[in-house]
Amino acid sequence: VRTFGVMVALGLVFAWWLSYQRARKFGVDPAGLGTLGSWMVILGIIGARGVYVAQYWDDYQSHWLSIFSIREGGMTSFGGFLFGLIGLAIWARLSRTPLWALLDLIAAPALMAIAFGRIGCFFNGCCYGGPTDLPWRVYFPEADFYAHPAQLYAALMLFVAGGLLLFYEKRITASPQAKWKPGTFISLAFLFYGVIRFIYEFFRIGASSQPLRDLPLTEAHLVAGFMFLLGVVGLLVFRRQAPVEFHGSERAQEAPSVSRAPR
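Residues numbered from 1 in each chain as written. Predicted model: local features only at pLDDT ≥ 70, side-chain atom pairs only at ≥ 80, totals over all residues. Heavy atoms only, no water.

Caption draft 1: Structural context of unusual backbone geometry. Positive phi, close to 60 degrees, is recorded for C127, a residue that is not glycine. Topologically, C127 is positioned in the loop between helix 5 (99–124) and strand 1 (138–140). What makes C127 buried here is its relative accessible area of 5%. Unlike most non-glycine residues, D144 shows phi in positive territory, near 65 degrees. Assignment of secondary structure puts D144 in the loop between strand 1 and strand 2 (145–147). (Helix = DSSP H or I, 4+ residues; strand = E, 2+ residues; numbered from the N terminus. Buried < 20%, exposed > 50% of the residue type's maximum accessible area, 1.4 Å probe, protein only.)

Caption draft 2: Highlighting the pattern of salt bridges. Across all of its chains, the model carries 3 salt bridges by this definition. Put simply, E169 and K25 hold a salt bridge, and the shortest N to O gap is 3.0 Å. Pair noted here: E169 is in helix 6 (residues 150–173) and K25 is in the loop between helix 1 (3–22) and helix 2 (33–55), with a separation of 144 residues, a long-range link. Two residues, R197 and E201, come together in a salt bridge whose shortest N-O distance is 3.1 Å. With R197 and E201 both in helix 7 (residues 184–203), this residue pair falls 4 residues apart, about one helical turn. (Salt bridge = Lys/Arg side-chain N within 4 Å of Asp/Glu carboxyl O.)

Caption draft 3: Fine view of the packing of aromatic side chains. With the rule as written, the count across this model stands at 17 aromatic pairs. Ring plane angle 80 degrees and centroid distance 5.2 Å describe the contact between F26 and W180, whose orientation is recorded as edge-to-face. Of the two residues, F26 is situated in the loop between helix 1 and helix 2 and W180 in strand 3 (residues 179–180); the sequence distance between them amounts to 154 residues. Given a relative accessible area of 4%, W180 falls into the buried group. Pairing Y168 with F185 gives two aromatic rings, centres 5.6 Å apart and planes at 55 degrees, and the pair type is tilted. (Phe/Tyr/Trp six-rings, centres within 6.5 Å; stacked < 30°, edge-to-face > 60°.)

Caption draft 4: Quick peek at the packing of helix 5 against helix 7. Where helix 5 meets helix 7, the closest approach of the two axes is 7 Å, and the angle between their N-to-C directions is 25 degrees. Comparing the axis directions of helix 5 and helix 7 gives the class roughly parallel. Seen from above, helix 5 lies across helix 7 with left-handed handedness. In this structure, helix 5 contributes W100, L103, D104, A107, L111, I114 and R118 to the contact, and helix 7 contributes T184, F185, I186, A189, Y193, R197 and Y200. (Axes fitted to C-alpha atoms, helices over the stretch in contact; angles between N-to-C directions. Parallel < 35°, antiparallel > 145°, perpendicular 65-115°, else oblique. Left-handed = near helix turned anticlockwise from the far one by under 90°. Contact = heavy atoms within 4.5 Å.)

Caption draft 5: Region of the structure containing the confidence of the model for the protein. Overall, the predicted model of the protein reaches an average pLDDT of 84, with 87% of residues at or above 70. Contacts for the low-pLDDT stretch residues 250–263, under 50 throughout, to residues beyond four places or in other chains number 8 contacts. (pLDDT = per-residue confidence, 0-100.)

Caption draft 6: Quick peek at the environment of F122. One can find F122 in helix 5. Along the sequence, F122 and T3 sit 119 residues apart, while their C-alpha atoms lie 9.5 Å from each other. Not counting residues up to four positions away in its chain, the partners in contact with F122 are V138, F140, P149, Q151 and L152.

Caption draft 7: Layout of helix 7. Compared with the 28 Å implied by 1.5 Å per residue over 20 residues, the 30 Å span of helix 7 between its first and last C-alpha is a close match. In terms of residue burial, helix 7 counts as a mostly covered element, since 14 of its 20 residues are buried. (Expected span 1.5 Å × (residues − 1).)

Caption draft 8: Geometry of the environment of T97. Relative to the helices and strands, T97 resides in the loop between helix 4 (77–95) and helix 5. A sequence separation of 70 residues divides T97 from G27, and the C-alpha atoms of the two residues are 8.8 Å apart. When near neighbours in sequence (up to four residues on either side) are disregarded, T97 contacts V28, W91, A92 and L102. Polar side-chain contacts of T97 include one of 2.8 Å to the side chain of S95. (Polar contact = N/O pair within 3.5 Å; in protein donor to acceptor, adjacent residues only side chain to side chain.)

Take a look at the structure:
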């Protein structure tokens, strides 16, 4: 049993639990989240592994069976994120669940699940940072030098971003109106993730994306920039939408119940 796989599994379980606790608030039936999770996990793993293999095809074209060996890592968060969202969209269509409410529900849990995965990368010794003499430097055998624990930098930023989304959600549900505009939280998640991955990519050198010619950037920088812009565009578009009331908001739960006396 590899620590990488354990951390990914813990992240998925935690994301499911956090979504389950808040599902009714977004008008989503929590009973179906187990099936949704299966869709997202299966397609997410396929996407994460598929994109990684395509990125390093020269290393796999003569070793076909190694494509299916994921116990030691070898997955990309971009691929998992994209294919997981595809699985979510398919499930939402089949179950007739409002897509944007579902996306907003899983926005914060998704960021935190990726954070667990980054901790798995740290224990796996991949995706490490560049050389450093800082007190918290870590020796990675694959690198054979003391490096930035870039994976933990990313994990910390992702946990903070997910916490900010949950805090913002709590602030809204505590307000007298308790309404939100569907699409807001997933747009913020894209924006946060784009910024985090852009910063992370400056530290990361282990199993990293290919650098762009004559630029101090990698391919992942471009994808991160695209995700950031997508989040900004989403916020601008969804701000025009009519707000929707949260189900079972804190204000509604705190309000005293009124019973009618029989005539």
